[in-house]
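# Fold and contact review
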Amino acid sequence: MSADDAWDALNDALAHTTPACEGRVLFTADRLSDDQRALCKSICARCPLFDLCDAYAITAKVESGYWAGHSYSPKGRK
Ligand code: SF4
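As named in an unreviewed UniProt entry, the chain is 4Fe-4S Wbl-type domain-containing protein, taken from Microbacterium keratanolyticum.

## Considerations on the UniProt feature "domain: 4Fe-4S Wbl-type" (unreviewed entry) in the chain
According to UniProt, the "domain: 4Fe-4S Wbl-type" (unreviewed entry) feature falls on residues 20–77. Helix makes up 40% of residues 20–77 and strand 14%. Its end C-alpha atoms lie 21 Å apart.

## So, the sheet that holds strand E2 (residues 70–73)
Pairing is antiparallel across the open sheet formed by three strands, whose spatial order is E1-E2-E3. Only two strands of the sheet have a single neighbouring strand rather than two, namely strand E1 (66–67) and strand E3 (76–77). Here E2 pairs with E3 via two bridges, running antiparallel. When the bridges of E3 are listed, Ser73 appears paired with Gly76.

## What to know about the site of the ligand
Taken together, Pro19, Cys21, Phe27, Ile43, Cys44, Cys47, Phe50, Cys53, Tyr66, Trp67 and Ala68 make up the full set of residues adjacent to the ligand. Tallied by class, residues from the shell around the ligand come to 11 nonpolar, no polar and no charged.

## Some words on the packing of aromatic side chains
Scanning all chains against the criterion turns up three aromatic pairs. Both rings, one in Tyr56 and one in Trp67, keep their centres 5.4 Å apart while their planes meet at 50°; by these two values the pair is tilted. Of this pair, Tyr56 sits in helix H3 (residues 50–60) while Trp67 sits in strand E1, and the two are 11 residues apart along the sequence. Trp67 gets classed as partly exposed once you look at its relative accessible area, which sits at 21%. Within the aromatic cluster, the residues linked to one another by ring pairs are Trp7, Tyr56 and Trp67.

## Looking at helix H1 (residues 3–14)
Taking 1.5 Å per residue, 12 residues should reach 16 Å; H1 reaches 16 Å between its end C-alpha atoms and fits that length. Considered for burial, the residues of H1 that qualify are Ala6, Leu10 and Ala13. Buried positions in H1, seen along its axis, are confined to an arc of 60° and lie on one side of it. For H1, exposure combined with an orientation more than 90 degrees from the buried face picks out Asp4 and Asp12. The inward-facing, buried residues of H1 abut H3 and E1.

## With respect to the packing of H1 against H3
The N-to-C vectors of H1 and H3 enclose an angle of 155°; their axes lie 8 Å apart at closest approach. What the angle tells us is that H1 and H3 run roughly antiparallel. For the crossing formed where H1 meets H3, the hand is left-handed. Here Ala3, Ala6, Trp7, Ala9, Leu10 and Ala13 of H1 come into contact with H3, specifically with Leu52, Cys53, Ala55, Tyr56, Thr59 and Ala60. Class assignment for the residues of the contact of H1 with H3 results in 11 nonpolar, one polar and no charged.

Rules used in this analysis
- Residues numbered from 1 in each chain as written.
- Predicted model: local features only at pLDDT ≥ 70, side-chain atom pairs only at ≥ 80, totals over all residues.
- Heavy atoms only, no water.
- UniProt positions renumbered as here; feature names shortened; annotations may be inferred.
- Helix = DSSP H or I, 4+ residues; strand = E, 2+ residues; numbered from the N terminus.
- Pairing = 2+ DSSP bridges.
- Near = heavy atom within 4 Å.
- Nonpolar A, V, L, I, M, F, W, Y, C, P; charged D, E, K, R; others polar.
- Phe/Tyr/Trp six-rings, centres within 6.5 Å; stacked < 30°, edge-to-face > 60°.
- Buried < 20%, exposed > 50% of the residue type's maximum accessible area, 1.4 Å probe, protein only.
- Expected span 1.5 Å × (residues − 1).
- Arc of directions from axis to C-beta.
- Contact = heavy atoms within 4.5 Å.
- Axes fitted to C-alpha atoms, helices over the stretch in contact; angles between N-to-C directions.
- Parallel < 35°, antiparallel > 145°, perpendicular 65-115°, else oblique.
- Left-handed = near helix turned anticlockwise from the far one by under 90°.

Here you go:
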């Protein structure tokens, strides 16, 4: 799957589902504490968009933000 295809699939799903991360600055923060990371992870674990979000983050090689249970930076995902 290409990043464009993954984005289209995620975007289609977002038209019908508002994820719990929407509007939460933690998901776009440059740094997270261990507690903040655990909170984000627990939110993602219950998200119906998890697989689509994960597929987009991986195929697009995102370098920032928190996507589907992982933090991303120019150094990679953790
Ligand atoms: S899986 Fe993606 S869309 Fe869902 S809460 Fe986590 S970051 Fe947001």
